[in-house]
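If you want the building blocks of each chain, they are given just below.
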Amino acid sequence: MAHFVEELREEGFAVDHRVAPSLPAGLQAHCDEFKVERVLAMEPMSWDGRRMLEQLDVDLVPNDQFLCHYDDFASWAAERNALKLEDFYRWQRLRLNILINTSETPPQPAGGQWNFDHDNREPPPKDGRAWPAITTFELDDIDRSIIDGFADNLWGAMPDGVWPVTRTQALVRLSEFVETGLAPFGPHEDAMLAEEWKLAHSVLASSLNLGLLHPREVVEAAEAAFRNGDAPINSVEGFVRQIIGWREYVWGVYWLWMPDYRAANALDAHRPIPPAFLKPTATHMACVSSVIDHVDAHGYAHHIERLMVLGNLALTAGIDPQAMVDWMWSSFVDGAEWVMLPNVIGMALFADGGQMATKPYASGGAYLNKMGNSCKACRYDPKKRTGNDACPFTTLYWDFLARNERVLAGNHRMSRQLAGMRRLSDLSAVRERAEVVLNALDEGTL
Ligand SMILES: Cc1cc2nc3c(=O)[nH]c(=O)nc-3n(C[C@H](O)[C@H](O)[C@H](O)COP(=O)(O)OP(=O)(O)OC[C@H]3O[C@@H](n4cnc5c(N)ncnc54)[C@H](O)[C@@H]3O)c2cc1C
Ligand code: SF4
(Lines give C-alpha, C1' and ligand atoms only; values in the text may rest on other atoms or scores of the structure.)
(Ligands and ions follow the chains in the order given, each with its own letter.)
Protein backbone atom coordinates (compact mmCIF):
# COMPACT_ATOMS: atom_id res chain seq x y z
CA MET A 1 0.00 0.00 0.00
CA ALA A 2 2.85 2.37 0.87
CA HIS A 3 4.42 1.80 -2.56
CA PHE A 4 1.07 2.20 -4.30
CA VAL A 5 0.58 5.57 -2.62
CA GLU A 6 3.90 6.74 -4.08
CA GLU A 7 3.08 5.37 -7.53
CA LEU A 8 -0.27 7.15 -7.58
CA ARG A 9 1.29 10.41 -6.43
CA GLU A 10 3.90 10.12 -9.18
CA GLU A 11 1.05 9.74 -11.69
CA GLY A 12 -0.45 13.00 -10.41
CA PHE A 13 -3.21 11.71 -8.12
CA ALA A 14 -3.91 13.39 -4.78
CA VAL A 15 -3.74 10.59 -2.19
CA ASP A 16 -4.93 10.80 1.41
CA HIS A 17 -3.13 7.83 3.01
CA ARG A 18 -4.11 7.73 6.64
CA VAL A 19 -3.68 5.29 9.48
CA ALA A 20 -6.88 4.95 11.50
CA PRO A 21 -8.14 2.71 14.30
CA SER A 22 -10.75 1.25 11.94
CA LEU A 23 -11.92 1.63 8.35
CA PRO A 24 -15.15 3.50 9.30
CA ALA A 25 -13.17 5.88 11.56
CA GLY A 26 -10.62 6.61 8.82
CA LEU A 27 -13.29 7.11 6.19
CA GLN A 28 -15.26 9.44 8.45
CA ALA A 29 -12.14 11.48 9.23
CA HIS A 30 -11.34 11.73 5.51
CA CYS A 31 -14.91 12.80 4.63
CA ASP A 32 -14.93 15.41 7.40
CA GLU A 33 -11.57 16.87 6.41
CA PHE A 34 -12.26 17.07 2.67
CA LYS A 35 -16.03 17.74 2.88
CA VAL A 36 -16.70 14.61 0.83
CA GLU A 37 -20.29 13.99 -0.24
CA ARG A 38 -19.97 10.85 -2.32
CA VAL A 39 -17.49 7.98 -1.92
CA LEU A 40 -16.94 5.55 -4.76
CA ALA A 41 -15.01 2.30 -4.22
CA MET A 42 -14.37 -0.99 -5.95
CA GLU A 43 -16.15 -3.93 -4.29
CA PRO A 44 -13.75 -5.12 -1.58
CA MET A 45 -12.21 -8.58 -1.62
CA SER A 46 -13.90 -9.67 1.60
CA TRP A 47 -17.49 -10.28 2.58
CA ASP A 48 -17.13 -8.23 5.77
CA GLY A 49 -15.44 -5.42 3.86
CA ARG A 50 -18.29 -5.22 1.36
CA ARG A 51 -20.92 -5.26 4.07
CA MET A 52 -19.09 -2.52 5.96
CA LEU A 53 -18.86 -0.24 2.91
CA GLU A 54 -22.51 -0.84 2.09
CA GLN A 55 -23.45 0.15 5.63
CA LEU A 56 -21.34 3.29 5.24
CA ASP A 57 -23.29 4.22 2.06
CA VAL A 58 -20.23 3.94 -0.15
CA ASP A 59 -21.10 3.53 -3.85
CA LEU A 60 -19.53 0.31 -5.08
CA VAL A 61 -18.34 -0.46 -8.60
CA PRO A 62 -17.76 -4.09 -9.66
CA ASN A 63 -14.55 -5.76 -8.58
CA ASP A 64 -12.44 -6.29 -11.71
CA GLN A 65 -9.60 -8.31 -10.17
CA PHE A 66 -10.93 -11.62 -11.51
CA LEU A 67 -12.00 -12.93 -14.90
CA CYS A 68 -15.33 -14.17 -13.57
CA HIS A 69 -17.26 -11.80 -11.33
CA TYR A 70 -18.95 -13.57 -8.43
CA ASP A 71 -22.38 -12.63 -9.76
CA ASP A 72 -21.54 -14.45 -13.01
CA PHE A 73 -20.25 -17.40 -10.99
CA ALA A 74 -23.53 -17.44 -9.04
CA SER A 75 -25.50 -17.53 -12.34
CA TRP A 76 -23.30 -20.41 -13.59
CA ALA A 77 -23.81 -22.23 -10.27
CA ALA A 78 -27.58 -21.72 -10.30
CA GLU A 79 -27.87 -23.83 -13.45
CA ARG A 80 -26.37 -27.00 -11.95
CA ASN A 81 -26.64 -29.36 -9.00
CA ALA A 82 -22.94 -30.07 -8.57
CA LEU A 83 -20.29 -27.34 -8.80
CA LYS A 84 -17.53 -29.33 -10.47
CA LEU A 85 -14.22 -27.54 -10.93
CA GLU A 86 -13.69 -29.30 -14.26
CA ASP A 87 -17.03 -28.00 -15.64
CA PHE A 88 -16.29 -24.47 -14.47
CA TYR A 89 -12.75 -24.58 -15.88
CA ARG A 90 -13.93 -25.71 -19.35
CA TRP A 91 -16.64 -23.05 -19.30
CA GLN A 92 -13.98 -20.44 -18.48
CA ARG A 93 -11.60 -21.71 -21.17
CA LEU A 94 -14.27 -21.47 -23.87
CA ARG A 95 -15.80 -18.21 -22.75
CA LEU A 96 -12.45 -16.47 -22.29
CA ASN A 97 -10.95 -18.17 -25.36
CA ILE A 98 -7.83 -19.36 -23.57
CA LEU A 99 -5.91 -22.32 -25.01
CA ILE A 100 -8.74 -22.87 -27.50
CA ASN A 101 -8.28 -23.63 -31.19
CA THR A 102 -10.99 -21.47 -32.75
CA SER A 103 -10.15 -22.62 -36.29
CA GLU A 104 -11.93 -25.93 -35.54
CA THR A 105 -15.72 -26.33 -35.45
CA PRO A 106 -16.75 -26.58 -32.71
CA PRO A 107 -13.69 -24.94 -31.09
CA GLN A 108 -11.34 -27.50 -29.50
CA PRO A 109 -8.90 -27.38 -26.56
CA ALA A 110 -5.29 -26.71 -27.60
CA GLY A 111 -3.26 -29.92 -27.56
CA GLY A 112 -6.41 -31.99 -28.15
CA GLN A 113 -7.31 -32.46 -24.46
CA TRP A 114 -8.81 -30.36 -21.70
CA ASN A 115 -6.73 -31.89 -18.98
CA PHE A 116 -3.10 -33.03 -18.78
CA ASP A 117 -3.13 -33.87 -15.07
CA HIS A 118 -1.86 -37.41 -15.65
CA ASP A 119 1.41 -35.94 -17.08
CA ASN A 120 1.81 -33.68 -14.05
CA ARG A 121 2.09 -36.11 -11.15
CA GLU A 122 5.71 -37.17 -11.27
CA PRO A 123 7.53 -37.81 -8.00
CA PRO A 124 10.46 -35.54 -7.16
CA PRO A 125 13.47 -36.01 -9.43
CA LYS A 126 16.52 -37.54 -7.75
CA ASP A 127 19.10 -35.90 -10.02
CA GLY A 128 19.79 -32.93 -7.70
CA ARG A 129 18.89 -30.51 -10.50
CA ALA A 130 18.80 -26.74 -10.00
CA TRP A 131 15.31 -25.20 -9.91
CA PRO A 132 14.48 -21.89 -11.61
CA ALA A 133 16.12 -18.94 -9.89
CA ILE A 134 14.08 -15.90 -8.88
CA THR A 135 15.08 -12.28 -8.30
CA THR A 136 15.42 -10.99 -4.78
CA PHE A 137 14.37 -7.34 -4.88
CA GLU A 138 16.50 -4.86 -2.99
CA LEU A 139 14.67 -3.36 -0.02
CA ASP A 140 14.26 0.40 -0.34
CA ASP A 141 13.48 3.16 2.18
CA ILE A 142 9.73 2.49 2.03
CA ASP A 143 10.26 -1.23 2.72
CA ARG A 144 12.68 -0.51 5.55
CA SER A 145 10.34 1.97 7.20
CA ILE A 146 7.52 -0.59 7.11
CA ILE A 147 9.78 -3.31 8.52
CA ASP A 148 10.96 -0.96 11.28
CA GLY A 149 7.34 -0.54 12.33
CA PHE A 150 6.80 -4.29 12.82
CA ALA A 151 6.19 -5.54 16.35
CA ASP A 152 9.01 -7.59 17.86
CA ASN A 153 6.93 -10.68 18.49
CA LEU A 154 6.17 -11.55 14.87
CA TRP A 155 6.64 -15.09 13.64
CA GLY A 156 9.14 -16.05 10.96
CA ALA A 157 12.11 -14.51 9.20
CA MET A 158 12.20 -10.82 8.35
CA PRO A 159 11.23 -9.92 4.75
CA ASP A 160 14.25 -10.28 2.49
CA GLY A 161 12.90 -8.95 -0.81
CA VAL A 162 11.70 -12.27 -2.24
CA TRP A 163 8.13 -11.03 -2.62
CA PRO A 164 7.24 -8.32 -5.16
CA VAL A 165 5.74 -5.22 -3.54
CA THR A 166 5.40 -3.06 -6.66
CA ARG A 167 3.89 -3.63 -10.09
CA THR A 168 7.35 -3.38 -11.68
CA GLN A 169 8.67 -6.11 -9.41
CA ALA A 170 5.61 -8.28 -10.03
CA LEU A 171 6.16 -7.99 -13.80
CA VAL A 172 9.76 -9.14 -13.31
CA ARG A 173 8.48 -12.16 -11.36
CA LEU A 174 5.94 -12.96 -14.09
CA SER A 175 8.44 -12.76 -16.93
CA GLU A 176 11.06 -14.82 -15.11
CA PHE A 177 8.45 -17.49 -14.37
CA VAL A 178 7.32 -17.63 -17.99
CA GLU A 179 10.93 -17.79 -19.21
CA THR A 180 12.35 -20.34 -16.78
CA GLY A 181 9.62 -21.77 -14.51
CA LEU A 182 6.66 -22.48 -16.78
CA ALA A 183 8.18 -25.28 -18.87
CA PRO A 184 9.20 -27.41 -15.85
CA PHE A 185 6.07 -26.37 -13.85
CA GLY A 186 3.85 -29.28 -14.89
CA PRO A 187 5.60 -32.60 -14.34
CA HIS A 188 6.67 -31.96 -10.74
CA GLU A 189 3.68 -29.84 -9.70
CA ASP A 190 2.84 -32.34 -6.92
CA ALA A 191 6.38 -33.16 -5.82
CA MET A 192 7.98 -32.08 -2.53
CA LEU A 193 11.65 -31.61 -1.78
CA ALA A 194 12.75 -30.74 1.75
CA GLU A 195 15.68 -28.63 0.57
CA GLU A 196 13.78 -26.76 -2.15
CA TRP A 197 10.98 -24.44 -1.06
CA LYS A 198 9.32 -23.61 -4.39
CA LEU A 199 10.56 -26.05 -7.10
CA ALA A 200 9.09 -24.74 -10.38
CA HIS A 201 6.01 -23.13 -8.80
CA SER A 202 5.29 -19.62 -10.01
CA VAL A 203 5.34 -17.87 -6.60
CA LEU A 204 2.85 -15.44 -8.14
CA ALA A 205 -0.07 -15.81 -5.71
CA SER A 206 0.83 -12.84 -3.52
CA SER A 207 1.23 -10.56 -6.57
CA LEU A 208 -2.13 -11.68 -7.94
CA ASN A 209 -3.90 -11.37 -4.60
CA LEU A 210 -2.49 -7.90 -3.97
CA GLY A 211 -3.65 -6.73 -7.41
CA LEU A 212 -0.10 -6.18 -8.67
CA LEU A 213 -0.86 -8.56 -11.54
CA HIS A 214 -4.13 -9.28 -13.31
CA PRO A 215 -4.99 -12.92 -14.02
CA ARG A 216 -5.64 -12.08 -17.68
CA GLU A 217 -2.07 -10.91 -18.32
CA VAL A 218 -0.74 -13.93 -16.45
CA VAL A 219 -2.65 -16.51 -18.53
CA GLU A 220 -1.99 -14.59 -21.76
CA ALA A 221 1.75 -14.70 -21.06
CA ALA A 222 1.53 -18.45 -20.38
CA GLU A 223 -0.51 -19.11 -23.54
CA ALA A 224 1.93 -17.06 -25.65
CA ALA A 225 4.80 -19.22 -24.35
CA PHE A 226 2.91 -22.33 -25.54
CA ARG A 227 2.01 -20.85 -28.95
CA ASN A 228 5.66 -19.78 -29.45
CA GLY A 229 6.89 -23.27 -28.63
CA ASP A 230 8.64 -22.17 -25.42
CA ALA A 231 6.65 -24.35 -22.99
CA PRO A 232 4.87 -27.73 -23.40
CA ILE A 233 1.09 -28.04 -23.28
CA ASN A 234 1.00 -30.14 -20.08
CA SER A 235 2.79 -27.40 -18.12
CA VAL A 236 0.86 -24.52 -19.69
CA GLU A 237 -2.53 -26.22 -19.34
CA GLY A 238 -1.71 -27.20 -15.74
CA PHE A 239 -0.80 -23.62 -14.91
CA VAL A 240 -3.79 -22.06 -16.72
CA ARG A 241 -6.06 -24.48 -14.82
CA GLN A 242 -4.71 -23.07 -11.53
CA ILE A 243 -5.37 -19.47 -12.53
CA ILE A 244 -8.67 -19.48 -14.45
CA GLY A 245 -9.91 -22.71 -12.88
CA TRP A 246 -9.04 -23.12 -9.22
CA ARG A 247 -8.38 -19.49 -8.32
CA GLU A 248 -11.58 -18.18 -9.89
CA TYR A 249 -13.62 -21.13 -8.62
CA VAL A 250 -12.46 -20.49 -5.05
CA TRP A 251 -13.35 -16.80 -5.41
CA GLY A 252 -16.82 -17.70 -6.70
CA VAL A 253 -17.69 -20.25 -4.01
CA TYR A 254 -16.47 -17.91 -1.27
CA TRP A 255 -19.12 -15.34 -2.23
CA LEU A 256 -21.73 -17.99 -2.90
CA TRP A 257 -21.40 -19.64 0.51
CA MET A 258 -20.57 -16.75 2.82
CA PRO A 259 -21.21 -15.84 5.58
CA ASP A 260 -22.27 -19.27 6.96
CA TYR A 261 -19.30 -20.97 5.37
CA ARG A 262 -16.68 -19.68 7.79
CA ALA A 263 -18.34 -21.44 10.74
CA ALA A 264 -18.48 -24.85 9.00
CA ASN A 265 -17.20 -27.75 11.10
CA ALA A 266 -18.84 -30.88 9.69
CA LEU A 267 -16.35 -33.26 11.34
CA ASP A 268 -16.73 -31.57 14.73
CA ALA A 269 -12.98 -30.94 15.01
CA HIS A 270 -11.75 -28.90 17.98
CA ARG A 271 -8.02 -29.54 18.46
CA PRO A 272 -5.91 -26.35 18.76
CA ILE A 273 -2.99 -25.50 16.46
CA PRO A 274 -0.15 -27.81 17.54
CA PRO A 275 3.33 -26.58 18.54
CA ALA A 276 4.62 -28.51 15.48
CA PHE A 277 3.18 -25.73 13.29
CA LEU A 278 4.87 -22.94 15.18
CA LYS A 279 8.57 -23.65 14.64
CA PRO A 280 10.53 -26.13 12.53
CA THR A 281 12.32 -27.64 15.53
CA ALA A 282 9.09 -28.41 17.43
CA THR A 283 8.53 -31.79 15.76
CA HIS A 284 10.38 -34.97 14.82
CA MET A 285 8.16 -35.41 11.74
CA ALA A 286 10.71 -34.52 9.06
CA CYS A 287 8.11 -33.63 6.41
CA VAL A 288 6.25 -31.23 8.73
CA SER A 289 9.50 -29.72 9.96
CA SER A 290 10.71 -28.98 6.41
CA VAL A 291 7.40 -27.39 5.39
CA ILE A 292 7.35 -25.22 8.53
CA ASP A 293 10.92 -24.28 7.72
CA HIS A 294 9.72 -23.01 4.29
CA VAL A 295 6.86 -21.09 5.92
CA ASP A 296 9.21 -19.63 8.52
CA ALA A 297 11.70 -18.49 5.87
CA HIS A 298 9.32 -17.16 3.22
CA GLY A 299 5.74 -17.16 4.53
CA TYR A 300 5.12 -19.72 1.79
CA ALA A 301 4.74 -23.43 1.13
CA HIS A 302 3.64 -24.77 -2.23
CA HIS A 303 0.22 -26.29 -2.81
CA ILE A 304 0.98 -29.95 -2.06
CA GLU A 305 2.86 -29.03 1.11
CA ARG A 306 -0.17 -26.96 2.22
CA LEU A 307 -2.69 -29.66 1.29
CA MET A 308 -0.99 -32.99 1.90
CA VAL A 309 1.33 -32.14 4.79
CA LEU A 310 -0.20 -29.30 6.84
CA GLY A 311 -3.80 -29.82 5.73
CA ASN A 312 -3.61 -33.62 5.91
CA LEU A 313 -2.21 -33.56 9.45
CA ALA A 314 -4.81 -31.00 10.53
CA LEU A 315 -7.60 -33.09 8.95
CA THR A 316 -6.58 -36.45 10.37
CA ALA A 317 -5.71 -35.01 13.81
CA GLY A 318 -9.01 -33.09 13.98
CA ILE A 319 -7.66 -29.53 14.23
CA ASP A 320 -10.33 -26.87 14.55
CA PRO A 321 -11.06 -25.45 11.04
CA GLN A 322 -11.35 -21.84 12.18
CA ALA A 323 -8.11 -22.09 14.18
CA MET A 324 -6.42 -23.51 11.08
CA VAL A 325 -7.77 -20.67 8.91
CA ASP A 326 -6.52 -18.07 11.40
CA TRP A 327 -3.09 -19.66 11.69
CA MET A 328 -2.60 -20.05 7.93
CA TRP A 329 -3.97 -16.60 7.19
CA SER A 330 -1.46 -15.03 9.53
CA SER A 331 1.46 -17.19 8.37
CA PHE A 332 1.26 -17.07 4.57
CA VAL A 333 2.28 -14.15 2.37
CA ASP A 334 -0.63 -14.74 -0.03
CA GLY A 335 -3.29 -15.20 2.66
CA ALA A 336 -6.74 -13.61 2.37
CA GLU A 337 -10.12 -14.73 3.64
CA TRP A 338 -11.66 -15.41 0.23
CA VAL A 339 -8.92 -17.86 -0.70
CA MET A 340 -8.21 -19.33 2.75
CA LEU A 341 -11.78 -20.33 3.59
CA PRO A 342 -12.52 -22.59 0.60
CA ASN A 343 -9.00 -24.02 0.58
CA VAL A 344 -8.78 -24.73 4.31
CA ILE A 345 -12.41 -25.37 5.27
CA GLY A 346 -13.45 -27.01 2.02
CA MET A 347 -10.44 -28.55 0.35
CA ALA A 348 -8.04 -29.42 3.17
CA LEU A 349 -10.28 -30.08 6.18
CA PHE A 350 -13.55 -31.31 4.61
CA ALA A 351 -15.21 -29.13 7.24
CA ASP A 352 -18.01 -28.23 4.80
CA GLY A 353 -19.02 -31.90 4.62
CA GLY A 354 -18.21 -32.15 0.90
CA GLN A 355 -19.63 -28.96 -0.57
CA MET A 356 -16.31 -28.31 -2.27
CA ALA A 357 -14.21 -31.50 -2.31
CA THR A 358 -15.91 -34.78 -3.18
CA LYS A 359 -13.89 -36.62 -0.53
CA PRO A 360 -11.39 -35.78 2.21
CA TYR A 361 -7.75 -35.36 1.13
CA ALA A 362 -6.53 -37.76 3.84
CA SER A 363 -3.48 -39.89 3.25
CA GLY A 364 -0.92 -41.89 5.17
CA GLY A 365 2.85 -41.77 5.00
CA ALA A 366 3.03 -43.86 1.79
CA TYR A 367 1.82 -40.94 -0.36
CA LEU A 368 4.21 -38.51 1.34
CA ASN A 369 7.07 -40.97 0.89
CA LYS A 370 6.26 -41.30 -2.83
CA MET A 371 5.88 -37.57 -3.51
CA GLY A 372 8.50 -36.20 -1.11
CA ASN A 373 12.01 -36.96 0.09
CA SER A 374 11.70 -36.37 3.84
CA CYS A 375 11.01 -39.91 5.04
CA LYS A 376 14.58 -41.19 4.78
CA ALA A 377 15.76 -38.63 7.34
CA CYS A 378 12.76 -39.13 9.63
CA ARG A 379 12.68 -40.99 12.93
CA TYR A 380 9.33 -42.49 11.86
CA ASP A 381 8.66 -45.22 9.30
CA PRO A 382 5.99 -44.38 6.70
CA LYS A 383 5.03 -48.08 6.34
CA LYS A 384 4.26 -48.59 10.03
CA ARG A 385 0.95 -47.77 11.70
CA THR A 386 1.69 -49.12 15.19
CA GLY A 387 4.73 -48.99 17.43
CA ASN A 388 6.88 -46.12 18.64
CA ASP A 389 8.36 -45.51 15.20
CA ALA A 390 5.06 -45.65 13.31
CA CYS A 391 4.54 -42.71 10.96
CA PRO A 392 1.99 -40.37 12.59
CA PHE A 393 0.37 -39.76 9.19
CA THR A 394 -0.17 -43.49 8.66
CA THR A 395 -1.56 -44.07 12.16
CA LEU A 396 -3.80 -41.00 12.02
CA TYR A 397 -5.07 -41.84 8.53
CA TRP A 398 -6.64 -45.09 9.76
CA ASP A 399 -7.77 -43.55 13.02
CA PHE A 400 -9.40 -40.69 11.09
CA LEU A 401 -11.42 -43.16 9.02
CA ALA A 402 -12.50 -45.08 12.12
CA ARG A 403 -13.26 -41.89 14.10
CA ASN A 404 -15.40 -40.43 11.30
CA GLU A 405 -16.81 -43.67 9.92
CA ARG A 406 -20.42 -42.68 10.54
CA VAL A 407 -20.13 -39.30 8.75
CA LEU A 408 -18.08 -40.67 5.85
CA ALA A 409 -20.14 -43.81 5.29
CA GLY A 410 -22.64 -41.89 3.15
CA ASN A 411 -19.90 -40.89 0.68
CA HIS A 412 -19.56 -43.55 -2.02
CA ARG A 413 -16.08 -42.26 -2.93
CA MET A 414 -14.92 -43.32 0.54
CA SER A 415 -16.25 -46.89 0.46
CA ARG A 416 -12.93 -48.46 -0.62
CA GLN A 417 -10.97 -46.72 2.14
CA LEU A 418 -13.58 -47.51 4.78
CA ALA A 419 -13.66 -51.15 3.72
CA GLY A 420 -9.86 -51.23 4.00
CA MET A 421 -10.06 -49.77 7.50
CA ARG A 422 -12.67 -52.32 8.58
CA ARG A 423 -10.43 -55.15 7.33
CA LEU A 424 -7.46 -54.08 9.49
CA SER A 425 -6.72 -56.89 11.94
CA ASP A 426 -4.79 -54.51 14.22
CA LEU A 427 -7.32 -51.66 14.21
CA SER A 428 -7.59 -51.50 17.99
CA ALA A 429 -3.78 -51.28 18.31
CA VAL A 430 -3.79 -48.53 15.65
CA ARG A 431 -6.39 -46.59 17.59
CA GLU A 432 -4.41 -46.95 20.80
CA ARG A 433 -1.29 -45.70 19.03
CA ALA A 434 -3.36 -42.79 17.62
CA GLU A 435 -4.19 -41.68 21.15
CA VAL A 436 -0.49 -41.56 22.00
CA VAL A 437 0.24 -39.69 18.75
CA LEU A 438 -2.48 -37.10 19.36
CA ASN A 439 -1.32 -36.47 22.94
CA ALA A 440 2.26 -36.03 21.73
CA LEU A 441 1.02 -33.68 18.99
CA ASP A 442 -0.73 -31.51 21.59
CA GLU A 443 2.30 -31.53 23.87
CA GLY A 444 4.78 -30.71 21.10
CA THR A 445 6.77 -33.93 21.49
CA LEU A 446 5.71 -35.74 18.28
C1 LIG B 1 -4.74 -25.37 2.92
C2 LIG B 1 -4.50 -24.44 1.77
C3 LIG B 1 -4.40 -23.07 1.99
C4 LIG B 1 -4.20 -22.19 0.90
N5 LIG B 1 -4.15 -20.85 1.14
C6 LIG B 1 -3.98 -19.99 0.11
C7 LIG B 1 -3.93 -18.59 0.33
O8 LIG B 1 -4.05 -18.11 1.43
N9 LIG B 1 -3.74 -17.77 -0.73
C10 LIG B 1 -3.62 -18.27 -2.00
O11 LIG B 1 -3.47 -17.48 -2.93
N12 LIG B 1 -3.69 -19.59 -2.23
C13 LIG B 1 -3.85 -20.47 -1.22
N14 LIG B 1 -3.90 -21.81 -1.47
C15 LIG B 1 -3.87 -22.29 -2.87
C16 LIG B 1 -2.47 -22.62 -3.40
O17 LIG B 1 -1.85 -23.54 -2.55
C18 LIG B 1 -1.59 -21.36 -3.53
O19 LIG B 1 -2.25 -20.43 -4.35
C20 LIG B 1 -0.26 -21.66 -4.16
O21 LIG B 1 0.43 -22.66 -3.45
C22 LIG B 1 0.56 -20.38 -4.22
O23 LIG B 1 1.83 -20.64 -4.72
P24 LIG B 1 2.25 -20.26 -6.20
O25 LIG B 1 1.92 -18.85 -6.47
O26 LIG B 1 3.68 -20.67 -6.36
O27 LIG B 1 1.27 -21.16 -7.03
P28 LIG B 1 1.41 -22.09 -8.31
O29 LIG B 1 1.51 -23.50 -7.89
O30 LIG B 1 2.46 -21.58 -9.21
O31 LIG B 1 -0.03 -21.89 -8.99
C32 LIG B 1 -0.31 -20.77 -9.81
C33 LIG B 1 -1.39 -19.92 -9.23
O34 LIG B 1 -2.64 -20.58 -9.25
C35 LIG B 1 -3.48 -20.08 -8.23
N36 LIG B 1 -3.97 -21.23 -7.46
C37 LIG B 1 -3.57 -22.50 -7.55
N38 LIG B 1 -4.30 -23.29 -6.75
C39 LIG B 1 -5.19 -22.49 -6.12
C40 LIG B 1 -6.20 -22.72 -5.16
N41 LIG B 1 -6.46 -23.93 -4.67
N42 LIG B 1 -6.89 -21.65 -4.74
C43 LIG B 1 -6.64 -20.41 -5.20
N44 LIG B 1 -5.68 -20.14 -6.11
C45 LIG B 1 -4.97 -21.17 -6.56
C46 LIG B 1 -2.65 -19.15 -7.39
O47 LIG B 1 -2.96 -17.83 -7.73
C48 LIG B 1 -1.22 -19.47 -7.80
O49 LIG B 1 -0.36 -18.36 -7.72
C50 LIG B 1 -4.10 -22.71 -0.41
C51 LIG B 1 -4.19 -24.09 -0.61
C52 LIG B 1 -4.39 -24.94 0.46
C53 LIG B 1 -4.52 -26.41 0.21
S1 SF4 C 1 7.80 -40.99 8.01
FE2 SF4 C 1 5.85 -39.95 8.19
S3 SF4 C 1 6.26 -38.18 9.51
FE4 SF4 C 1 8.24 -38.93 8.78
S5 SF4 C 1 8.67 -37.73 6.93
FE6 SF4 C 1 7.66 -39.60 6.26
S7 SF4 C 1 5.49 -39.07 6.15
FE8 SF4 C 1 6.49 -37.47 7.37
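Definitions and limits used
- Residues numbered from 1 in each chain as written.
- Chains lettered and ligands numbered in written order.
- Predicted model: local features only at pLDDT ≥ 70, side-chain atom pairs only at ≥ 80, totals over all residues.
- Heavy atoms only, no water.
- Near = heavy atom within 4 Å.
- Polar contact = N/O pair within 3.5 Å; in protein donor to acceptor, adjacent residues only side chain to side chain.
- Areas by Shrake-Rupley, 256 points an atom, 1.4 Å probe, with all protein chains shown as cover.
- Helix = DSSP H or I, 4+ residues; strand = E, 2+ residues; numbered from the N terminus.
- Nonpolar A, V, L, I, M, F, W, Y, C, P; charged D, E, K, R; others polar.
- Domains from an automatic or database assignment.
- Salt bridge = Lys/Arg side-chain N within 4 Å of Asp/Glu carboxyl O.
- Buried < 20%, exposed > 50% of the residue type's maximum accessible area, 1.4 Å probe, protein only.
- Core = buried A, V, L, I, M, F, W, Y, C linked by side-chain atoms within 4.5 Å.
- Contact = heavy atoms within 4.5 Å.
- Arc of directions from axis to C-beta.
- Axes fitted to C-alpha atoms, helices over the stretch in contact; angles between N-to-C directions.
- Left-handed = near helix turned anticlockwise from the far one by under 90°.
- Buried area = accessible area lost by both parts, 1.4 Å probe.

Novice: Please clarify how the site of ligand 1 should be interpreted in this entry.
Specialist: Taken together, 29 residues surround ligand 1, and among them His201, Ser202, Val203, Tyr300 and Met340 come closest. Take valine 203: an N or O atom from its main chain is 2.7 Å from an oxygen atom of ligand 1. With respect to ligand 1, the side chain of glutamine 242 contributes an N or O atom lying 3.3 Å from a nitrogen atom. Look at ligand 1: alone it shows 810 Å² of surface, and the protein chains cover 99% of it. Residue assignment for the shell around ligand 1 shows that the elements contributing at least two residues are helix H8 (205–209), helix H10 (233–257), helix H12 (303–317) and helix H14 (337–348). Partitioning the shell around ligand 1 into residue classes produces 18 nonpolar, eight polar and three charged. Structurally, the shell around ligand 1 is a two-domain feature, drawing no fewer than three residues from each of domain 2 (70–257) and domain 3 (275–443).

Novice: Whenever I open this one, the pattern of salt bridges confuses me. Can you help?
Specialist: Pairing between side chains of opposite charge can happen when their charged atoms approach one another. Scanning all chains against the criterion turns up 24 salt bridges. The partner of aspartate 48 in a salt bridge is arginine 262, and the shortest N-O contact between them spans 2.9 Å. Of this pair, aspartate 48 sits in helix H3 (residues 47–55) while arginine 262 sits in the loop between H10 and helix H11 (286–298), and the two are 214 residues apart along the sequence. Taking relative accessible area as the criterion, aspartate 48 reaches 31% and is therefore assigned partly exposed. The class for arginine 262 is partly exposed, based on a relative accessible area of 24%. Between glutamate 176 and arginine 173 there is a salt bridge, with the nearest N and O atoms lying 3.0 Å from each other. Pair noted here: glutamate 176 and arginine 173 are both in helix H7 (residues 167–185), with a separation of three residues, about one helical turn. The network of salt bridges with common partners includes Glu86, Arg90, Glu237 and Arg241.

Novice: Just checking my understanding: could you explain the nonpolar core for this structure?
Specialist: Side chains of nonpolar character tend, in soluble globular proteins, to be buried together. If you look at the biggest cluster of nonpolar residues, it comprises 86 residues, and the most contacted ones within it are Phe277, Val288, Leu310, Met324, Phe393 and Leu401. A total of nine residues in this core trace back to one element, the largest contributor, which is H12. Setting aside chain neighbours within four positions, we find valine 288 in contact with Ala276, Phe277, Thr283, Val309, Leu313 and Phe393. By size, the runner-up hydrophobic cluster in this structure holds 29 residues, among which are Leu67, Leu96, Val236 and Ile243.

Novice: Help me understand helix H18 (residues 415–423), please; the structure alone is not making it clear to me.
Specialist: Because an α-helix completes one turn every 3.6 residues, residues spaced three or four positions apart along the sequence face the same direction. Of the residues making up H18, those classed as buried are Gln417, Leu418, Gly420 and Met421. Taken down its axis, H18 places every buried residue within 155° of arc, on the same side. Away from the buried face of H18 by more than 90 degrees, exposed residues Arg416 and Arg423 are located. Those residues of H18 that are buried lie in contact with helix H16 (392–403), helix H17 (405–408) and helix H19 (427–443).

Novice: What am I meant to see in the packing of H12 against helix H13 (residues 321–331) here?
Specialist: A packed helix pair is summarised by two numbers, namely the angle formed by the two axes and the spacing between the axes. Where H12 contacts H13, the two axes come as close as 11 Å, and the packing angle between them is 145°. Every pair of crossing elements has a handedness; the one defined by H12 and H13 is right-handed. Here H12 contributes Arg306, Leu310, Gly311 and Ala314 to the contact with H13, which in turn contributes Met324, Trp327 and Met328. Residue composition of the contact of H12 with H13, by class: five nonpolar, one polar and one charged.

Novice: Looking at this model, I keep getting lost on the domain arrangement of the protein. Mind explaining?
Specialist: Reports of interface size often rely on the accessible area that becomes lost once the parts have come together. Looking at the assigned domains, one finds that the protein contains domain 1 (2–61), domain 2 (70–257) and domain 3 (275–443). One C-alpha centre belongs to domain 1, the other to domain 2, and the line joining them spans 30 Å. Contacts between the two partners involve 10 residues from domain 1 and, on the opposite side, 12 residues from domain 2. Of the roughly 910 Å² buried where domain 1 meets domain 2, counting both sides, 63% is carbon and sulfur surface. Taken together, domain 1 and domain 2 are joined by zero salt bridges. Counting across the interface, domain 1 meets domain 2 through four residue pairs in polar contact (both at pLDDT 80 or more). In terms of residue count, the dominant contributor to the side of domain 1 that touches domain 2 is helix H1 (residues 2–10) (four residues). Here the residues of the side of domain 1 that touches domain 2 sort into four nonpolar, two polar and four charged.

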